[in-house]
Amino acid sequence: MTTTTTPIVVLGGGLMGLAIAHQLARCGHAVRVLSRNRNEAAGFVAAGMLAPHAEGLSGQLLTLGQHSLALIPQWVAQIEHDSGLTCGLRMSGIVVPFATEDDSKRYPTAALGQSLNRTALEREIPGLDPRWQAGLLFEQDGQIDNRRQLMRALEKACVSLGVQFLEGADVQALSRHSDTHELHEITLQTAEGEVQHHPCQTAVLCSGAWSQKLVPELPVFPVKGQMLSLQGPRKALKRVIFGPGTYLVPREDGLVVVGATSERNAGFQSGLTPDGQSQLQEGIASLLPEASQWPPMERWWGFRPCTPDQGPLLGEGPIPGLWLATGHHRNGVLLAAITAELISAAVSQREPSRNKTNEWLTQFRWDRF
Ligand code: GLY
């Protein structure tokens, strides 16, 4: 393990930034997190599904997701230990419903799920709309209460390990050393309007959908998602339902998180739209008609950081000294554990995992497209 004297700077205080800051601090590094507006972080916006199988991932992204899923219990235990808070991890299983059995057989991860006929579907999801005649149950998938529990627990875990936070910091430039071209300095504007220059040799870019603002070469663009939550009766829904275009994620206390629109043309346009909210209401009615009567509690939106192949950008970036952990699109919560592990191992040059780490980081290089 190597330690540096100037802090490692994490650009972005969302889920990825916090998860990486936490692991780096656990490795003994001094860490400073620069966050522009924590409320914009996708970690507060996502539904918290841990769903490599239910989302129908394939190829290297499926493998990365499966590895992360396997790390999650231990990762959560570390966060809970360091913060004294619970994260709301529930391996509740996820049901993907289909109109016909043939549709279910064609699903990319069908072989990894348990086939359900209509009787079995009704047993798993009482009240499921009759249009769904077949299903796949992925018992290995789950969820975590990212919005109410995980984010706060991670923040507290970081603070307890000495991570410094600068909230309201708008990073304006990353400067390179004139000879070596390595990362040299970060220029930012504080919430009070003061421009500051921070010497920096090692940083991790976790700026999500906004990553291109700092490094224009990165192929990351926003995909807006609108969501809402409903207060259902406790235990009315025990599994997550992952339908086409809409999913219902039941928390322990009966709150059901409903997602999500996927708006590629919205850019960074903020706010709810009647079309987006109607789409969610129609999705709820098509999956679980009784849930249309449950009172809505909150409505919100956010921006997924998407890339051309929908996989993340991990590892060394175009500026020496600047590591990348961005572009996680629909799978940020799932991939936070492995991303934190890979980036902290690479930054710390930790053995014995170095070869495996390098293999993953090569597969998800920023310039692979
Ligand atoms: N992972 C679900 C979503 O991005 O909507």
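Nothing here was measured: the structure is a model prediction, and the numbers come from that model. (Residues numbered from 1 in each chain as written. Predicted model: local features only at pLDDT ≥ 70, side-chain atom pairs only at ≥ 80, totals over all residues. Heavy atoms only, no water.)

Visitor: Is there a simple way to explain the packing of helix H3 (residues 59-83) against helix H6 (residues 146-160) in this structure?
Guide: How two helices sit against one another is set out by the angle between their axes and by the gap between those axes. Two elements in contact, H3 and H6, have axes separated by 8 Å at closest approach and are oriented at 60°. Taken together, the axes of H3 and H6 lie oblique to each other. Seen along the crossing, H3 lies across H6 with a hand that is left-handed. Counted together, Trp75, Ile79, Asp82 and Ser83 of H3 and Leu150, Ala153, Leu154, Lys156, Ala157 and Ser160 of H6 form the full contact between these two elements. (Axes fitted to C-alpha atoms, helices over the stretch in contact; angles between N-to-C directions. Helix = DSSP H or I, 4+ residues; strand = E, 2+ residues; numbered from the N terminus. Parallel < 35°, antiparallel > 145°, perpendicular 65-115°, else oblique. Left-handed = near helix turned anticlockwise from the far one by under 90°. Contact = heavy atoms within 4.5 Å.)

Visitor: Is there a simple way to think about helix H8 (residues 274-287) in this case?
Guide: One turn of the α-helix equals 3.6 residues, which is why residues spaced by three or four share an orientation. Across its 14 residues, H8 extends 20 Å between first and last C-alpha, which sits within 8% of the 20 Å expected from 1.5 Å per residue. Looking at the packing, one finds that the buried side of H8 touches strand S5 (94-98), strand S14 (221-231), strand S15 (240-242), strand S16 (247-250), strand S17 (255-259) and strand S18 (296-306). (Expected span 1.5 Å × (residues − 1).)

Visitor: Any chance you could explain the site of the ligand here in plain terms?
Guide: Around the ligand sit Met49, Glu55, Tyr247, Ala260, Arg304 and Arg330, and that is every residue in its neighbourhood. Here Glu55 contributes a side-chain N or O atom positioned 2.7 Å from a nitrogen atom of the ligand. Between Arg330 and the ligand, the recorded distance is 2.7 Å, taken from a backbone N or O atom to a nitrogen atom. Protein contacts shield 88% of the accessible area of the ligand, which totals 200 Å² for the unbound molecule. Broken down by class, the residue content of the shell around the ligand amounts to three nonpolar, no polar and three charged. (Near = heavy atom within 4 Å. Polar contact = N/O pair within 3.5 Å; in protein donor to acceptor, adjacent residues only side chain to side chain. Areas by Shrake-Rupley, 256 points an atom, 1.4 Å probe, with all protein chains shown as cover. Nonpolar A, V, L, I, M, F, W, Y, C, P; charged D, E, K, R; others polar.)

Visitor: Explain the environment of Leu89 to me, please; I cannot follow it from the model alone.
Guide: Of note, Leu89 is situated in strand S4 (residues 89-90). Separated by 54 residues in sequence, Leu89 and Gln143 have C-alpha atoms that sit 6.0 Å apart. With sequence-adjacent residues up to four places away left out, Leu89 is seen in contact with Leu50, Ile72, Pro73, Val76, Gln143 and Ile144.

Visitor: Which parts of the structure should I look at to understand empty space enclosed by the protein?
Guide: Where empty space is left can be seen by rolling a probe of water-molecule size over the atoms. Enumeration over the complete set of coordinates arrives at two cavities of 30 Å³ or more. By volume, the second largest cavity amounts to about 40 Å³. Lining the second largest cavity, in full, are Gly232, Pro233, Lys235, Ala236, Leu237, Pro250, Arg251, Gly254, Leu255 and Val256. Its residues assigned to classes, the lining of the second largest cavity shows six nonpolar, two polar and two charged. (1 Å grid on protein atoms, 1.4 Å probe; cavity = no way out; pocket = protein on both sides within 12 Å on 5 of 7 lines; lining within 4 Å. Points joined across faces, edges and corners; volume = space filled by probe spheres on them.)

Visitor: Teacher, can you tell me more about the side chain of Thr326 here?
Guide: Take Thr326: it is sitting in strand S20 (residues 322-326). Engagement of the side chain of Thr326 in a polar contact is seen with the backbone oxygen of Gly208, the distance being 3.4 Å.

Visitor: How should the sheet that holds strand S3 (residues 49-50) be read in this particular structure?
Guide: Within a sheet, adjacent strands bond to each other through the backbone by hydrogen bonds, running parallel or antiparallel. The strand order across the open sheet formed by three strands is S3-S8-S4, and the pairing between neighbours is antiparallel. Every other strand in the sheet has two partners, leaving S3 and S4 as the edge strands with one partner each. The sheet contact formed by S3 and strand S8 (residues 142-144) spans two bridges and is antiparallel. Counterpart to Leu50 in the pairing with S8 is Gly142. (Pairing = 2+ DSSP bridges.)

Visitor: Sorry, what's going on with the environment of Leu228 here?
Guide: Inspection of the secondary structure puts Leu228 in strand S14. Put simply, Leu228 and Met16 are 212 residues apart on the chain and 23 Å apart in space, counted from C-alpha to C-alpha.

Visitor: Please clarify how the packing of aromatic side chains should be interpreted in this entry.
Guide: Working definition: an aromatic ring pair is given by the centre-to-centre distance plus the angle between the planes. Using the criterion set out here, one finds six aromatic pairs in the structure. Taking 5.3 Å as the distance between ring centres and 65° as the angle between the ring planes, the aromatic pair formed by Phe98 and Tyr107 counts as edge-to-face. Each of the two residues, Phe98 as well as Tyr107, counts as buried. Relative to Tyr247, the ring of Phe242 has its centre 5.9 Å away and its plane inclined at 5°; by these criteria the two rings are stacked. (Phe/Tyr/Trp six-rings, centres within 6.5 Å; stacked < 30°, edge-to-face > 60°. Buried < 20%, exposed > 50% of the residue type's maximum accessible area, 1.4 Å probe, protein only.)

Visitor: What am I meant to see in the pairing of strand S2 (residues 31-35) here?
Guide: Walk down a regular strand and you will see the side chains alternate between the two sheet faces. Among the five residues that make up S2, four are buried, leaving the element largely enclosed by the rest of the structure. With four bridges joining them, strand S1 (residues 8-11) and S2 adopt parallel strand pairing. Considered in S2, the bridge of Ile8 is made with Val31. Where the polypeptide runs from S1 across helix H1 (residues 15-26) and back to S2, its parallel neighbour, the crossover connection is right-handed. When S2 meets strand S9 (residues 164-167), the two strands line up parallel, connected through four bridges. Bridge pairing in S9 links Ser35 to Glu167. (Right-handed = clockwise from strand over helix to strand, strands pointing away.)

Visitor: It is not clear to me how the sheet that holds strand S11 (residues 183-189) should be interpreted in this structure. Could you clarify?
Guide: Strand order in the open sheet made by the three strands is S10-S11-S12, with antiparallel pairing throughout. For this open sheet the edge positions go to strand S10 (170-176) and strand S12 (195-199), each flanked by a neighbour on one side alone. Each strand axis lies, on average, 20° off the axis of its neighbour in the sheet, ignoring direction. Here five bridges tie S11 to S12, and the two strands are oriented antiparallel to one another.

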